[in-house]
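Inside the fold
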Amino acid sequence: MTRMSRARVARRIAAGAAYGGGGVGLAGAAAVGLVLAEVRLAKRQVGNGGGTPVHVPNANGLYVHPYTTSGEPPLLLTLLGDSTAAGQGVHRASQTPGALLASGLAAVAERPVRLRNVALPGARSDDLERQVSLTLADQDRVPDICVIMIGANDVTHRMPPTRSVRCLATAVRRLRTAGAEVVVGTCPDLGTIEPVQQPLRWLARRASRQLAAAQTIGVVEQGGRTVSLGDLLGPEFAANPRELFGPDNYHPSAEGYATAAMAVLPTVCAALGLWPAEEERPDAARHEGFLPVARAAAEAASEAGTEVAAALPTGPRGPWALLKRRRRRRVPTADLDAVDSGPAGR
């Protein structure tokens, strides 16, 4: 599917979400029988590491960098979403995306960061209503920044994409209305989960990219920012499955989470006004710039680590967005030891 076609489908899904339309099919009915056979095979191979109970390390707490300025109140960071946001698949709190983001943000801001994670393994976008209510329960402690990672379970459980986007957009609107900045890691590329074979692999990739593009439109129109997480289960992970996937061949390993967190961190810092001004200017050499939001969404879905943020409220083809291809890097496993072992005082 071309990017222009993906942009049209994403706009249709987002419009359906906004106006209460029905679902937009992501796979042809003729392929259902073969797909169901592939799903049954994949389910036997992709699990939770041999049937062991789900364990998610508790990374909540205060993160303090050595260069923190004394007396500065902590920034409040909340993670919402599914098992990816929760950090399922790793064993230490410091390896979860929440801890990695809190540690990185504390270093950039040179002030403490208090992390709260309300994400739920297995959650779909319709669980965001509950998670947002938890997040905003104390009106005196509204987060400075919220990071949402959601979408994979929507695809695997065949949630209508219009409903999925509608739930996400509503969550972003509630958080933004309360005063929080919002960054959404869009649906990862599910077409590279190692046990999944064709044609399910192709259909999963197509569906997850369509959803990621539609999520981007819905989030940007509510004043949030998105970062494409295609690499979370994308080409880089396909090339290094033993290194970047966890023991269950589905959730990322510690290095995989670090790679994803480093893709999101620059956007988190930019949303809080902490990124260098020169980095905020679009770089034509990296094909950055202002685009209609649907086209920017389709571009981002095709390249992981790409940020999309609201720009102009209207243009010749509707709202426009700023597309940024922020610098990313792989984080070697050895470097993970440099990350704080956990919240201060733990």
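Note: the structure precedes this text.
Right, let's walk through the structure included here. (Residues numbered from 1 in each chain as written. Predicted model: local features only at pLDDT ≥ 70, side-chain atom pairs only at ≥ 80, totals over all residues. Heavy atoms only, no water.)

**Section: the sheet that holds strand E9 (residues 320-325)**
Ordered by their spatial adjacency, 9 strands build an open sheet running E1-E3-E2-E4-E5-E6-E8-E9-E7, and the pairing between neighbours is mixed. Edge positions in the sheet fall to strand E1 (61-63) and strand E7 (289-292), since each of these pairs with one other strand and no more. Within the sheet, the average angular offset between the axes of one strand and its neighbour, ignoring direction, is 25 degrees. As judged from the 3 bridges shared by strand E5 (residues 181-185) and strand E6 (residues 225-227), these two strands associate in the parallel manner. Of the residues in E6, the one forming a bridge with glycine 185 is valine 227. Strands in contact with helix H4 (residues 97-109) are E1, strand E2 (75-81), strand E3 (113-117) and strand E4 (145-149); relative to E2, the strand with the most contacts, it is inclined by about 155 degrees. (Pairing = 2+ DSSP bridges. Helix = DSSP H or I, 4+ residues; strand = E, 2+ residues; numbered from the N terminus. Axes fitted to C-alpha atoms, helices over the stretch in contact; angles between N-to-C directions. Contact = heavy atoms within 4.5 Å.)

**Observations regarding the nonpolar core**
The tendency in soluble globular proteins is for nonpolar side chains to be buried side by side. If you look at the biggest cluster of nonpolar residues, it comprises 34 residues, and the most contacted ones within it are Leu77, Leu101, Leu105, Val147, Val183 and Val264. Contributions of two or more residues to this core are made by E2, helix H3 (83-86), H4, E3, E4 and helix H11 (254-271). No other element matches H11, which puts 9 residues into this core. Not counting residues up to four positions away in its chain, the partners in contact with valine 183 are Ile145, Cys146, Val147, Ile148, Arg225, Val227, Val264, Thr267, Val268 and Ala271. Counting 23 residues, the second largest nonpolar core, distinct from the first, contains Ala213, Ile217, Val308 and Leu323. (Core = buried A, V, L, I, M, F, W, Y, C linked by side-chain atoms within 4.5 Å. Buried < 20%, exposed > 50% of the residue type's maximum accessible area, 1.4 Å probe, protein only.)

**Focus: the pairing of strand E8 (residues 306-310)**
With 4 of 5 residues buried, E8 is to be regarded as a mostly interior element. Looking at chain direction, E6 and E8 are connected through 3 bridges and run antiparallel. In the strand pairing of E8, arginine 225 is matched with alanine 309. Direction of pairing for E8 relative to E9: antiparallel, over a ladder of 5 bridges. When the bridges of E9 are listed, threonine 306 appears paired with arginine 325.

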